[in-house]
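# Fold and geometry: a report
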Amino acid sequence: MDMVTRMVNEKPVVIFSKSECCICFSIQTLICGFGANPTVYELDQIPNGPQIERALLQLGCQPTVPAVFIGQRLVGGPNQVMSLHVQNELGPLLVRAGAIWLWKKK
């Protein structure tokens, strides 16, 4: 878990993903649509990917990808991110994390 903590430290938005995962791509696209520039770690393309995936499981990520951290805190997976979006809470969360500067509520 220390490895994951180091990876998300001082970055406003971090997404742990897999390159062939369409849900991961959708979540990345959603967050980028707000103007954020997330740091994305493709677990199937980095040497310590399996270790990171085990650490995400220990943190309670089920499934392990996509795992989204905003403001150094685990938001969760696609269901949690989409719930925040539908409730108009994702934009303000990104602003508080410093991932975007402006957000206009719809």
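Residues numbered from 1 in each chain as written. Predicted model: local features only at pLDDT ≥ 70, side-chain atom pairs only at ≥ 80, totals over all residues. Heavy atoms only, no water.

### Notes on helix α4 (residues 78–86)
Considered for burial, the residues of α4 that qualify are P78, V81 and L84. Seen end-on, α4 carries its buried residues on one side only, within an arc spanning 130 degrees. Within α4, the exposed residues directed more than 90 degrees away from the buried face are N79 and V86. Its buried side turned inward, α4 meets α2 (22–33), β3 (67–70), β4 (73–76) and α5 (90–97). Following α4 by one or two positions, N88 has its phi on the positive side, about 55 degrees. (Buried < 20%, exposed > 50% of the residue type's maximum accessible area, 1.4 Å probe, protein only. Helix = DSSP H or I, 4+ residues; strand = E, 2+ residues; numbered from the N terminus. Arc of directions from axis to C-beta. Contact = heavy atoms within 4.5 Å.)

### Structural notes on the state of the cysteines
On inspection of all chains with the given rule, the structure shows zero disulfides. With no disulfide partner, C32 has as its closest neighbouring cysteine sulfur the one in C24, 13 Å distant. For C32, a relative accessible area of 41% translates into the label partly exposed. (Disulfide = S-S within 2.5 Å.)

### Comments concerning the sheet that holds strand β1 (residues 13–17)
Taken in spatial order, the four strands of this open sheet run β2-β1-β3-β4, and their pairing is mixed. Pairing within the sheet leaves two strands with one partner each, and these edge strands are β2 (39–42) and β4. Sheet twist, expressed as the average angle between the axes of neighbouring strands with direction ignored, equals 25 degrees. Across four bridges, the pairing between β1 and β3 is antiparallel. Opposite V13, over in β3, you have I70 as the bridge partner. α2 contacts β1, β2 and β3 of the sheet and is inclined by roughly 165 degrees relative to β1. (Pairing = 2+ DSSP bridges. Axes fitted to C-alpha atoms, helices over the stretch in contact; angles between N-to-C directions.)

Everything listed here is a matter of geometry and, on its own, says nothing about what the molecule does.
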